[in-house]
Amino acid sequence: MAKMRVVQVAKAGGPLELVEREIPVPRAGTVRIKVQACGVCHSDSLAKEGRWPGLQYPRVPGHEVVGVLDAVGTGVAGWTVGWRVGVGWHGGHCGRCDSCRRGDFFACQEALQVTGITYDGGYADYMIAPIEALAAVPDELSGVEAAPLMCAGITTFNALRNSGARAGDVVAILGLGGLGHLGVQFAAKMGFKTVGIARGKDKEPLARKLGAWHYIDSQTQDPAAELAKLGGAKIILATVTNGDAMSAALGGLGVNGTLLVVGAPKSIEVSPGLLITGRRSVKGWYSGTSIDSQEALAFSALSGVRSMNEVYPLERAAEAYERMMSGKARFRVVLTTGN
Ligand SMILES: NC(=O)c1ccc[n+]([C@@H]2O[C@H](COP(=O)([O-])OP(=O)(O)OC[C@H]3O[C@@H](n4cnc5c(N)ncnc54)[C@H](OP(=O)(O)O)[C@@H]3O)[C@@H](O)[C@H]2O)c1
Ligand SMILES: [Zn+2]
């Protein structure tokens, strides 16, 4: 049997380790992808640290996967060997139960599949994915360019396009990491008055280059007061991993403004008075389905939105993951297989 390399976690909190496995054969309704690139997302820490109920080990993380469709299982129609495809966080749902038909995929009666969590993901030479998880990748985007769009991209693109903000509205992107730096670009391309908020002055030139109209350094300025000076934000897209940072920006929402939470700290503190008096709201958003990914890829190809990446070979995945977790990466870390 031919072998492949995967980077797996053997137990909750264990290290990322490079091992050999047999190349898997796709079951009915699934395809095999020869992985070209896989982004390293902060949410990979859920698999690495065991912060997902019922997670089984060993597990291969990675849900920003782009590669070439390499083999198909029985019953797969409409997807052809040789096509370039991407797989994101949303790893499939049944599509038949009442919950799925309502769009409540987390309550799918056959259980929502999550790439790199409920099945093995893209820190590998090959992976298997159900067809519901596949997005077509446009020719204009290389594997390394497309991979971060499969989670960081779709999440910020989809949250913003469904946020209710209109061209010319003040939209702030809180945090300039993997998600945030794409959020700034999408917001600018969608025609919002885009405000970047991050820790430190050093990110300002990059934020402006990515399309920010205004920058707030959350270490030396009060983000709520600064946003209020701009008339208040219609949307604050919160991509940070820290709850206090979200709470500190909340007061910068204008009347009817929304804190749109995509970053996942343990908790956030919210003042009911602030919500009530300005009819403000706090709302969550999770990435989206494969068609949303496909639309995020197409919009990026069209508008020139691109992730800024630090590229590591697959065998250095542990180092790449630590680089992402350090917060020092500018801005997404991407693994390549050489395939
Ligand atoms: N909702 C979804 O569907 C979805 C999808 C993907 C990821 N996520 C979640 O989104 C979050 C961001 O993911 P990512 O991959 O973009 O992570 P990342 O690249 O590591 O970026 C982390 C961000 O958090 C900020 N941050 C970290 N520590 C902080 C602190 N102590 N105080 C204030 N800010 C702090 C950083 O802010 P600075 O820029 O100021 O340094 C940075 O912008 C994670 O919680 C991840 O699990 C959610
Ligand atoms: Zn992710």
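Residues numbered from 1 in each chain as written. Chains lettered and ligands numbered in written order. Predicted model: local features only at pLDDT ≥ 70, side-chain atom pairs only at ≥ 80, totals over all residues.

Draft legend 1. Representation of the site of ligand 1 within the structure. Surrounding ligand 1, one finds 27 residues, the nearest of these being H42, G175, G177, G178 and N242. Looking at the shell around ligand 1, the elements with two or more residues in it are α4 (152-161) and α5 (178-189). Per-element tally for the shell around ligand 1: the top contributor is α5, with 3 residues. Residue composition of the shell around ligand 1, by class: 13 nonpolar, 13 polar and 1 charged. Each of domain 1 (3-151 + 287-336) and domain 2 (154-284) accounts for three or more of the residues forming the shell around ligand 1. (Near = placed C-beta within 6 Å. Helix = DSSP H or I, 4+ residues; strand = E, 2+ residues; numbered from the N terminus. Nonpolar A, V, L, I, M, F, W, Y, C, P; charged D, E, K, R; others polar. Domains from an automatic or database assignment.)

Draft legend 2. Structural detail: the environment of G273. Relative to the helices and strands, G273 resides in helix α9 (residues 272-277). Separated by 185 residues in the primary sequence, G273 and G88 place their C-alpha atoms 38 Å from one another.

Draft legend 3. Spatial organisation of the domain arrangement of the chain. What the domain assignment lists for the chain is domain 1 (3-151 + 287-336) and domain 2 (154-284). Centre-to-centre, using C-alpha coordinates, domain 1 lies 27 Å away from domain 2. On the side of domain 2, 13 residues touch domain 1, which itself brings 20 residues to the contact. When residues in the side of domain 1 that touches domain 2 are grouped by element, the largest group, 5 residues, is from helix α10 (residues 290-303). Grouping the constituent residues of the side of domain 1 that touches domain 2 by class yields 10 nonpolar, 8 polar and 2 charged. (Contact = placed C-beta atoms within 7 Å.)

Draft legend 4. Here's a closer look at helix α8 (residues 243-250). Taken together, the buried positions of α8 are A245, M246, A249 and L250. In a view along the axis of α8, the buried residues occupy a sector of 145 degrees, so they form one face of it. The elements touched by buried residues of α8 are β10 (170-174), β11 (193-198), α7 (223-229), β13 (233-238), β14 (253-261) and α9. (Buried ≥ 20, exposed ≤ 12 C-beta atoms within 10 Å, placed from the backbone. Arc of directions from axis to C-beta.)

Draft legend 5. Spotlight on the sheet that holds strand β12 (residues 214-217). Pairing is parallel in the open sheet, where 6 strands are placed in the order β12-β11-β10-β13-β14-β15. Both edges of this open sheet fall to β12 and β15 (281-284), since each of them pairs with a single strand only. Between one strand axis and the next, the sheet turns by 20 degrees as a mean value, whatever way the strands run. Where β14 meets β15, 4 bridges bridge the pair, whose relative direction is parallel. Bridge pairing links L259 to V282 in β15. Set on the sheet, α8 makes contact with β10, β11, β13 and β14; between it and β14 the angle comes to about 165 degrees. (Pairing = 2+ DSSP bridges. Axes fitted to C-alpha atoms, helices over the stretch in contact; angles between N-to-C directions.)

Draft legend 6. Structural detail: the packing of α4 against α10. Where α4 meets α10, the closest approach of the two axes is 9 Å, and the angle between their N-to-C directions is 90 degrees. One element, α4, and the other, α10, form an angle in the roughly perpendicular class. Facing G153, I154, F157 and N158 of α4, the residues of α10 in contact are D292, S293, A296, F299 and S300. (Parallel < 35°, antiparallel > 145°, perpendicular 65-115°, else oblique.)

Draft legend 7. Layout of the environment of K283. Relative to the helices and strands, K283 is located in strand β15. Judged by C-beta crowding, with 13 C-beta atoms within 10 Å, K283 ranks as partly exposed. Sequence-wise, K283 and L259 are 24 residues apart; in three dimensions their C-alpha atoms are separated by 6.1 Å. If sequence neighbours within four positions are ignored, K283 has contacts with T258, L260 and V261.

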